[in-house]
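Results of the structural survey
Chain residues, written in single-letter form:
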Amino acid sequence: MNDILPEACATWRHLESAVREIAESYGYRELRLPILEHTELFRRSIGEVTDIVEKEMYSFEDRNGESLTLRPEATAGVVRAGITNGLLHNQRQKLWTRGPMFRHEKPQKGRYRQFHQFNVEALGYEGPDVDAELIVMSARIWRRLGISRLTLEINTLGMPVSRKRYRDRLVDYLSGVKSRLDQDSIRRLEQNPLRILDSKNPDMQGIIEAAPVMLDHLDTESAGHFDELKALLDAAGVAYRVNPRLVRGLDYYNRTVFEWVTDALGSQGAVCSGGRYDGLVEKLGGRPTPAIGWAMGMERLVALFEVCGGRTPAAGTDVYVAALGEGTLERAFALAETLRDAIDGIRVEVNLGGGSFKSQMKRADRSGAAFALVIGESELAGNRVGLKPLRSAEEQSDVAVDDLVRVLAEKTMKPAAGAAGSSK
Ligand code: ATP
Ligand code: MG
């Protein structure tokens, strides 16, 4: 579980707002959810025989003896909230949410026990148009952030009927090579054989490669859905690779599943993954409602953004106010407040704890401020302050206090409050 320090937060915020803006530009609206849910919710949605439920959940009993779990993913909570708040009653919902998720995994680069996701979910949409839209939206995020080195893998898991047929074929095959299966897989052979295809064990990869594939056992409707999705992606110019082994680690998926993967982050290559979960709403007690969503791993997004040379626009202090001499601190406080009142978004830092001119200028420099405002006794007497550019060779100038707002609004290129454009 990581601390995210101020410098990193600047990048996080930059990425979060880009992703949020793009989701909203497609009509998705924010939903904020609790971090704790009943353990039962995740057992029922993610599935008993999955890595998450078997070994990764942070579960505990609360004071009433109820079993609660720190959410390992967001979709179950979104569906629960949709049902309990009546959001799915004759309505369709396009929603986004974000925040921390918790999984007791083996921590390594790109894999943490508290990590963050940005999630989008479309409930009440049958697709495949919305499937394509969600993928096109994620592609826009990469373009906007200058992220390359991602490839899109897609697959279809069909519907429960065809999946059942496929499952039988898979069990036949896996039973034939049972002596070469690892412990997890032997256990899953009976209960949840599809999960074996999601195994991360390198020794299992050969067996998985040779397994029969779902694509050969699809129902006609799912095949049509998949073809239409591919056609829409082709038309939108989004390249993809069909990966027939892509099954995803949660049980609730059907039909479309996809993953954006990179080779730039070592073995933790999945940056954004998702799929359709048409049966989940009903399974959790709602009316049958088709749905699809994706989750983006923010830690991996930040890492990839940096690998791709992404830069976060600086958002440091604009003005550092230095106060030197008798009665100047009060004036510095008052002027700083005036500036904050008058100029939207200006960042003003007043020198705290006194100090010589030299030490105040040193702090001003360290603050990253573009300008220092120097308030001394003689300047005060003349109602003028010194304006010292810290990031250019320009000389210090003397500015009348009455002109200060206008001059700083211009120099920091921030709109004065109440000016045209700032009242929208
Ligand atoms: P992986 O195959 O890497 O374990 P996953 O299939 O378990 O990923 P999902 O449950 O689909 O992942 O979560 C969506 C996204 O969240 C992933 O694509 C990844 O970017 C991110 N993610 C998942 N688990 C972690 C983790 N432990 N630490 C950081 N990011 C994670
Ligand atoms: Mg995982």
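Refer to the preceding data block for the structure.
Residues numbered from 1 in each chain as written. Chains lettered and ligands numbered in written order. Predicted model: local features only at pLDDT ≥ 70, side-chain atom pairs only at ≥ 80, totals over all residues. Heavy atoms only, no water.

All right, on to a nonpolar patch on the surface then. Where nonpolar side chains cluster on the molecular surface, the patch consists of Leu-329, Phe-333 and Leu-352 and spans about 310 Å² of accessible area. Positionally, Phe-333 belongs in helix 12 (residues 328-342). (Patch = residues over 30% accessible without salt bridge, like charges linked within 9 Å, V, L, I, M, F, W, Y side chains within 5 Å. Areas by Shrake-Rupley, 256 points an atom, 1.4 Å probe, with all protein chains shown as cover. Salt bridge = Lys/Arg side-chain N within 4 Å of Asp/Glu carboxyl O. Helix = DSSP H or I, 4+ residues; strand = E, 2+ residues; numbered from the N terminus.)

Read from one edge to the other, the open sheet built from 5 strands follows the order 13-12-14-15-16, with strand pairing classed as mixed. Taken across any chain shown, the strands that pair with only one partner, and hence form the sheet edges, are strand 13 (348-350) and strand 16 (397-400). If you compare each strand with its neighbour and ignore which way they point, the axes differ by 30 degrees on average. Across 3 bridges, the pairing between strand 12 (residues 319-324) and strand 13 is parallel. Bridge pairing in strand 13 links Val-319 to Val-348. Contacting strand 12, strand 13, strand 14 (371-376) and strand 15 (384-389), helix 12 crosses the sheet at an angle of about 170 degrees to strand 13. (Pairing = 2+ DSSP bridges. Axes fitted to C-alpha atoms, helices over the stretch in contact; angles between N-to-C directions. Contact = heavy atoms within 4.5 Å.)

This part covers the sheet that holds strand 9 (residues 254-262). What links the strands of a sheet is backbone hydrogen bonding, and the strands pair in either a parallel or an antiparallel sense. Reading across from one edge, 1-5-6-11-10-9-7-8 is the order of the 8 strands in this open sheet, with mixed pairing throughout. The strands lining the two open edges of the sheet, one partner per strand, are strand 1 (29-30) and strand 8 (241-242). The sheet contact formed by strand 1 and strand 5 (residues 93-102) spans 2 bridges and is parallel. Considered in strand 5, the bridge of Glu-30 is made with Trp-96. Across the sheet, helix 5 (residues 129-145) lies against strand 5, strand 6 (114-123), strand 7 (150-156), strand 9, strand 10 (270-276) and strand 11 (291-297), angled at about 20 degrees from strand 11, the strand it touches most.

Right, let's talk about the site of ligand 1 for a bit. Taken together, 17 residues lie around ligand 1, and Arg-103, Glu-105, Arg-248, Ala-270 and Ser-273 are the ones closest in. Within the side chain of Ser-273, a nitrogen or oxygen atom sits 2.6 Å from an oxygen atom of ligand 1. The contact in question runs from an oxygen atom of ligand 1 to an N or O atom on the side chain of Arg-300, over 2.9 Å. Here ligand 1 loses 92% of its free accessible area of 580 Å² to cover by the protein chains. Secondary structure elements with two or more residues in the shell around ligand 1: strand 6, strand 10 and strand 11. Within the shell around ligand 1, the residues separate by chemical class into 7 nonpolar, 4 polar and 6 charged. (Near = heavy atom within 4 Å. Polar contact = N/O pair within 3.5 Å; in protein donor to acceptor, adjacent residues only side chain to side chain. Nonpolar A, V, L, I, M, F, W, Y, C, P; charged D, E, K, R; others polar.)

Another point: the side chain of Glu-299. Secondary-structure assignment places Glu-299 in helix 11 (residues 298-307). An unpaired buried charge is present at Glu-299: no salt bridge exists, and Arg-300, the closest side chain of opposite charge, is 7.2 Å distant. Ignoring anything within four residues of it in the chain, the contact list for Glu-299 reads Trp-12, Tyr-112, Gln-114, Phe-115 and His-116. (Buried < 20%, exposed > 50% of the residue type's maximum accessible area, 1.4 Å probe, protein only. Lys, Arg positive; Asp, Glu negative; His and termini not counted.)

Bringing the pattern of salt bridges into the picture now. Considering all chains together, one arrives at 29 salt bridges under this definition. Residue Arg-276 pairs with Asp-131 through a salt bridge whose shortest N-O separation is 2.6 Å. Of this pair, Arg-276 sits in strand 10 while Asp-131 is found in helix 5, placing the two residues 145 residues apart along the sequence. Judged by its relative accessible area of 0%, Arg-276 is buried. Using a relative accessible area of 0% as the deciding quantity, one classes Asp-131 as buried. For Asp-278, the salt bridge goes to Arg-276, with nearest N and O atoms at 2.7 Å. A single network of salt bridges, built from pairs that share partners, joins Asp-51, Glu-54, Lys-55, Asp-184, Arg-187 and Arg-188.

Okay, the pairing of strand 3 (residues 58-61) next. Judged from the 4 bridges that link them, strand 3 and strand 4 (residues 67-70) form a sheet pairing that is antiparallel. By the bridge assignment, Ser-59 is partnered in strand 4 with Thr-69.

It is worth spelling out the environment of Met-204 at this point. You can see Met-204 is positioned in the loop between helix 7 (183-191) and helix 8 (205-209). You can call Met-204 buried: its relative accessible area is 1%. Considering only alpha carbons, one finds Met-204 and Ser-367, 163 residues apart in sequence, at a separation of 53 Å.

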